[in-house]
Amino acid sequence: LAAQTRAAAGDLASAEQLLRRAIDADSTLLPAYAMLAQLYLSQKKLDQARQEFDAMAAKQSRPVAALTMSGMILQSQGQTAEARKRFEQALAIDATAPVAANNLAWIQAEAGEQLDVALQLAQRAASRSPDVAEITDTVGWIYLKKNQPHLAVPQFERSVALDSKNATFHYHLGLAYLQAGDAVRGRASLERALAAGPDPKTEAEIKQALSRQAGFPSRN
């Protein structure tokens, strides 16, 4: 919270230091990792930061946080193969590291590979960090990839309950409802996703999903 306040005030250096301290104190704190990565992105410092975290990992005996942060930076840069390596290295040190497990699960789900392994990783992350909406969303996304919408829906509903302003969570819930045959709830969730202000890519996907449903009668 202090880091958010400092960042809002334009004191990015202090915000960075506070976020680093938060991660050092609790390596499971996914929002801190995400905010720190966003901070580096806004300052165009991703490469510099990644090199620093890789150097830290080489010096530490159990560099779970450093490897995870490096992996998240690589993931944000689209370097998925290298990001995967960092998360796997972190999990080799701590098999229950929730942030690394969640992000590796997401990578596997997006690639459509090893979905059962991805689900185990995501569930392991969720068991350690049950109130992190992003992790619950990952579990739901894997169920959706496995064509099990009835298992996906409760996960996405929980993500929305934890963070009702996140457009992506509403979008995923809408997709799950539609896949389960609930057109009414599906459209409503997609409309809420649009109202929540998604990024341009997600907005286009939501509009496509809505257009595909136009004129389709509800099965409920």
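Every chain's residues receive numbers from 1 upward, in the order its sequence appears when written. Thresholds applied to this predicted model are a pLDDT of at least 70 for local features of residues and 80 or more for the giving and counting of side-chain atom pairs; totals over whole chains, interfaces and linings are not thresholded and use all residues. To obtain the side-chain values, all non-hydrogen atoms of the structure were included, while hydrogens and water were left out.

Aromatic contacts are taken between Phe, Tyr and Trp rings whose centres are within 6.5 Å, Trp giving its six-membered ring; a plane angle under 30 degrees counts as stacked, one over 60 as edge-to-face, and the others as tilted. Tallied over the full model, the rule gives 2 aromatic pairs. Arranged with centres 6.2 Å apart and planes meeting at 65 degrees, the rings of Tyr40 and Phe53 form a pair that is edge-to-face. Here the residue Tyr40 occupies a position in helix H3 (residues 30–42), and Phe53 occupies one in helix H4 (residues 46–59), the gap between them amounting to 13 residues. Pair check on accessibility: Tyr40 and Phe53 agree, each one buried. Measuring from centroid to centroid gives 5.8 Å for Trp106 and Trp141, while their planes differ by 20 degrees, and the two rings are stacked. With Trp106 in helix H7 (residues 98–111) and Trp141 in helix H9 (residues 133–145), this pair connects stretches of sequence that are 35 residues apart. The numbering of helices and of strands both runs from the N terminus, where a helix is a DSSP run of H or I of at least 4 residues and a strand a run of E of at least 2. With a 1.4 Å probe rolled over the protein chains alone, any residue whose accessible area is under 20% of its type maximum counts as buried; one over 50% counts as exposed, and the rest are partly exposed.

As a further point, take the pattern of salt bridges. The rule for a salt bridge is simple: a side-chain nitrogen of Lys or Arg has to be within 4 Å of a carboxyl oxygen of Asp or Glu. In the structure shown here, the tally under the stated rule is 15 salt bridges. The residue Glu16 makes a salt bridge to Lys45 at a minimum N-O spacing of 3.3 Å. Remark: Lys45 occurs in the loop between H3 and H4 and Glu16 occurs in helix H2 (residues 12–25); sequence separation between them is 29 residues. Under the relative-accessibility criterion, Glu16 is labelled buried at 9%. Between Asp116 and Lys146 there is a salt bridge; the shortest N-O distance is 2.5 Å.

The next thing to look at is the layout of surface pockets. Empty space left among the atoms is revealed by rolling a probe the size of a water molecule over them. Put plainly, a pocket is an open set of points on a 1 Å grid over the protein atoms alone with protein on both sides within 12 Å along at least five of seven lines, a cavity is a set where a 1.4 Å probe fits but cannot get out, and a lining residue has an atom within 4 Å of a point. Grid points are joined across faces, edges and corners, and a volume is the space filled by probe spheres set on the points. As a volume, the largest pocket reaches approximately 1300 Å³. Forming the walls of the largest pocket are 29 residues, and the residues nearest its centre are Gln75, Trp106, Glu134, Asp137 and Thr168. Mapped by element, the contributors of at least two residues to the lining of the largest pocket are H3, helix H5 (64–76), H7, H9, helix H11 (167–179) and helix H13 (200–213). Polar here means any residue other than Ala, Val, Leu, Ile, Met, Phe, Trp, Tyr, Cys and Pro, which are nonpolar, and Asp, Glu, Lys and Arg, which are charged; Gly is therefore polar. For the lining of the largest pocket, the per-class residue count stands at 10 nonpolar, 11 polar and 8 charged.

Relative to the helices and strands, Thr28 is located in the loop between H2 and H3. What makes Thr28 buried here is its relative accessible area of 14%. Of the polar contacts made by the side chain of Thr28, one reaches the side chain of Asp26; its length is 2.6 Å. In contact with Thr28, not counting residues within four places along its chain, are Pro98, Val99, Arg128 and Ser129. N or O atoms within 3.5 Å of each other form a polar contact, as long as, within protein, one can give a hydrogen and the other can take it, and as long as residues adjacent in sequence are counted only when both atoms are side-chain atoms. By definition, residues are in contact when any of their heavy atoms lie within 4.5 Å.

Quick look at the nonpolar core now. Membership of the largest hydrophobic core comes to 65 residues, with the highest contact counts inside it found for Leu36, Phe53 and Met69. Looking at this core element by element, the count peaks at 8 residues for H5. Not counting residues within four places of it along the chain, the set of residues in contact with Met69 comprises Ile23, Tyr33, Leu36, Ala37 and Phe53. Among the buried residues, those of types Ala, Val, Leu, Ile, Met, Phe, Trp, Tyr and Cys that are joined through side-chain atoms within 4.5 Å form a nonpolar core.

So, to be careful, I would describe these as geometric facts and stop short of saying anything about function.
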